[in-house]
Amino acid sequence: MHPFVLERPRDLSEALALGAQAARAGRADAASEYIAGGTDMVQLLQENVRRPDRLVSLADLLDRQIDLGPHGLRLGAAATMAEVAAHPGVRQRFPVIREALLASASPQVRNQATIGGNVLQRTRCPYFRDVGYAACNKRAPGSGCAAIGGENRWHAVLGTSDQCIAAHASDLAVALVALDATVEVHGQRGPRTLLLDDMYRLPADRPHLETVLEPGEIITGVTVPPATVGWRAHYLKVRDRAAFEFALVAAAVTVDVEGGRVRQARVALGGVGTKPWRARQVEAALVGAGVGTGAVEQAAALAADGARGHGHNDFKIELMQRAIVRAVEIAGGGG
Ligand SMILES: Cc1cc2nc3c(=O)[nH]c(=O)nc-3n(C[C@H](O)[C@H](O)[C@H](O)COP(=O)(O)OP(=O)(O)OC[C@H]3O[C@@H](n4cnc5c(N)ncnc54)[C@H](O)[C@@H]3O)c2cc1C
Ligand code: SF4
């Protein structure tokens, strides 16, 4: 492990100042990085994937409140995955968030991991996480991509580029994108709010840049608009084992169903995109479809628009359509 200094800033502005110093240093491999629950960052440090000189702890700086009110649901960035999943209001009003969280990691990890860290966790591409592989544009810009032409069963089929095909890893982010969640961010230039969906970048020719966050910006909270009365939801996760495993394919679906027909729907996909993947063309086509009919299958087929497999992961293109159909059936009450 690269030696580092652990900084424990007393407040947010001190943390931001330390983050800003990192930005000014201008190194591709940041001189300074934040750590929250540490469940992802410590692994990356241990494997030499990240080599900061300074680690800035966000522990005890950010709030961990979970507030449910007329504005919707606000999750403080320091709330743990376990706290959010166990919250009665989340259970009742936002079951898709709870389902996504409970399908993630293990109870031990969920007790430690924070919401801010969850949505910024790094990809599980094995070539990214093993510095023994030289070619990884995300870890070492310009070095190539070992997954294209390599073992790519876990990789993305949507939003890929010829520079990177790594799948986004967070289950929670998929549910939040389906719910139009926004993130609160604080930086040197003050606070701002943006749609979580807009926070993530596609890899294009710069896969090492995963978000539009400025260097040093800190996520302080996530807000989900009020739950729409009567909508039903389901998070369906397909994985190699029933627990402690990342998604091969996941579908977060919320639907408003009346008389067995979909009136409105929101669909986001996990495990298949280089970012949490909102399937708006599927949502539009689901309107009017009878739950349990071929119309849902036809709508789900639109998810494959633009999809591209790289051999081992070709199966995901059909599997994600089936996952949408099944999630709509379960959420809509037909399954
Ligand atoms: C064995 C195992 C299995 C797992 N399985 C799953 C799974 O099935 N599904 C799933 O979704 N996840 C899974 N995870 C990932 C886990 O959810 C993440 O490791 C965790 O959510 C990260 O949160 P953290 O607080 O520990 O973040 P950290 O590890 O502390 O940080 C993660 C990243 O976020 C940055 N960061 C953290 N907080 C902030 C902030 N507030 N503002 C700006 N930057 C910040 C850090 O700099 C770092 O880059 C698994 C992890 C493990 C170890
Ligand atoms: S898919 Fe992306 S993260 Fe994985 S090896 Fe290729 S460039 Fe690196």
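Values in this document were obtained by computation on a predicted structure and should not be read as measured data. (Residues numbered from 1 in each chain as written. Chains lettered and ligands numbered in written order. Predicted model: local features only at pLDDT ≥ 70, side-chain atom pairs only at ≥ 80, totals over all residues. Heavy atoms only, no water.)

### What about the site of ligand 1?
For the record, the criterion: Only heavy atoms are used to decide nearness, and a residue is near a molecule or strand if one of them lies within 4 Å of it. Whenever a nitrogen or oxygen atom comes within 3.5 Å of another N or O atom, the pair is scored as a polar contact, on the condition that within protein one atom can donate a hydrogen and the other can accept it, and that pairs from neighbouring residues in sequence are kept only if both atoms are in side chains. Note that accessible areas follow from Shrake-Rupley with a 1.4 Å probe, and for residues the cover is restricted to the protein chains shown. Helix and strand definitions here come from DSSP, where helices need a minimum of 4 consecutive H or I residues and strands a minimum of 2 consecutive E residues; each element is numbered from the N-terminal end. When residue character is reported, Ala, Val, Leu, Ile, Met, Phe, Trp, Tyr, Cys and Pro are called nonpolar, Asp, Glu, Lys and Arg charged, and the others, Gly included, polar.
Taken together, 31 residues sit near ligand 1, with Y34, A36, T39, T114 and D171 positioned nearest. Here G38 contributes a backbone N or O atom positioned 2.7 Å from an oxygen atom of ligand 1. One of the side-chain nitrogen or oxygen atoms of K237 is found 3.0 Å away from an oxygen atom of ligand 1. Protein coverage of the free-state accessible area of ligand 1, which is 970 Å², stands at 94%. When residues of the shell around ligand 1 are traced back to their parent elements, those giving at least two are β2 (32–35), α2 (41–46), α7 (115–119) and β8 (218–224). Tallying contributions element by element places α7 first for the shell around ligand 1, with three residues. The residue makeup of the shell around ligand 1, split by class, is 15 nonpolar, eleven polar and five charged.

### Overview of the domain arrangement of the protein
So the rule is basically this: Where each domain begins and ends follows an automated or database-derived domain assignment.
Here the protein is partitioned into domain 1 (5–57) and domain 2 (232–331). Of note, the centres of domain 1 and domain 2, computed from C-alpha atoms alone, are 36 Å apart.

### A closer look at the pairing of strand β10 (residues 249–258)
Note the following rule: Working definition: with a 1.4 Å probe on protein chains only, accessible area under 20% of the residue-type maximum means buried, over 50% means exposed, and in between means partly exposed. Here a strand pair is declared whenever DSSP counts at least two bridges between the two strands.
Counting buried residues in β10 gives nine out of ten residues, a clear majority hidden from the surface. Both strand β9 (residues 232–238) and β10 contribute to a ladder of seven bridges, which runs antiparallel. Along β10, the bridge assignment pairs Y235 with A252. As judged from the nine bridges shared by β10 and strand β11 (residues 261–270), these two strands associate in the antiparallel manner. Among the inter-strand pairings, A252 is bridged to a residue of β11, identified as A268.

### Observations regarding the environment of H71
Selection rule: Note on contacts: a residue pair qualifies if any of its non-hydrogen atoms lie within 4.5 Å across the two residues.
Here H71 shows up in the loop between β4 (66–69) and β5 (72–76). Placed 153 residues apart in sequence, H71 and V224 show a C-alpha to C-alpha distance of 8.3 Å. The residues touching H71, leaving out its near neighbours within four places in the chain, are T223, V224, P225 and P226.

### Focus on the packing of helix α5 (residues 95–102) against helix α8 (residues 171–178)
Threshold: Interaxial angle, 0 to 180 degrees, is taken between N-to-C directions of lines fitted to C-alpha atoms, where a helix line uses only the stretch in contact. The scheme is simple: roughly parallel for angles under 35 degrees, roughly antiparallel for over 145, roughly perpendicular for 65 to 115, oblique for anything else. Handedness of a crossing is defined here by the sense of rotation of the near helix relative to the far one, left-handed for an anticlockwise turn of less than a right angle and right-handed for a clockwise turn.
Where α5 contacts α8, the two axes come as close as 8 Å, and the packing angle between them is 165°. Compared by their axis directions, α5 and α8 come out roughly antiparallel. In terms of crossing hand, the pair formed by α5 and α8 is right-handed. Judged by residue contacts, V96, I97, A100 and L101 of α5 engage D171, L172, A175 and L176 from α8. The class makeup of the residues in the contact of α5 with α8 is seven nonpolar, no polar and one charged.

### Things to note about the site of ligand 2
Not every one of the 15 residues close to ligand 2 is listed here, only the nearest: C125, C136, C145, C164 and I165. The class makeup of the residues in the shell around ligand 2 is eleven nonpolar, three polar and one charged.

### Overview of the packing of helix α11 (residues 294–301) against helix α12 (residues 315–331)
Helix-helix packing is characterised by the crossing angle of the two axes and by the distance between the axes. Axis separation between α11 and α12 bottoms out at 9 Å; the angle between their running directions is 140°. It follows that α11 is oblique to α12 by the angle criterion. Note on packing geometry: the crossing formed by α11 with α12 is right-handed. Across the interface between the two elements, V296, E297, A300 and A301 of α11 pack against Q321, I324, V325 and V328 of α12. In terms of residue class, the contact of α11 with α12 is built from six nonpolar, one polar and one charged.

### Let's talk about the environment of V296
When you line up the elements, V296 lands in helix α11. A relative accessible area of 2% places V296 in the buried class. For V296 and A284, which are twelve residues apart along the polypeptide, the C-alpha to C-alpha distance reads 11 Å.

### Considering the nonpolar core
To be explicit about the condition: What makes a nonpolar core is a set of buried Ala, Val, Leu, Ile, Met, Phe, Trp, Tyr and Cys residues whose side-chain atoms join them at distances within 4.5 Å.
Residues V84, I97, V119, L176, L196 and M199 are the most contacted members of the largest nonpolar core, which totals 53 residues. Among the elements that make up this core, the one with the highest residue count is α8 (seven residues). Ignoring any residue separated from it by four or fewer positions in sequence, one finds V119 in contact with H168, L172, A173, L176, L196, M199, Y200 and I219. Formed by 31 residues, the second largest nonpolar core is a distinct cluster that contains L236, A265, A323 and A331.

### Here we look at the packing of aromatic side chains
For the record, the criterion: Ring pairs are drawn from Phe, Tyr and Trp, using the six-membered ring of Trp, whenever the two centres fall within 6.5 Å, and their geometry is named by plane angle: stacked under 30 degrees, edge-to-face over 60, tilted for the rest. A ring is scored as having a charge over it whenever the NZ atom of a lysine or the CZ atom of an arginine sits within 6 Å of its centre and within 35 degrees of its normal.
As enumerated under the stated definition, the model contains one aromatic pair in all. Ring geometry for Y127 versus Y133: centroids 4.8 Å apart, planes at 90°, classification edge-to-face. Under the relative-accessibility criterion, Y127 is labelled buried at 10%. Since its relative accessible area comes to 38%, Y133 is described here as partly exposed. One Lys or Arg, R266, reaches over the ring of W231 and ends 5.2 Å from the middle of that ring.

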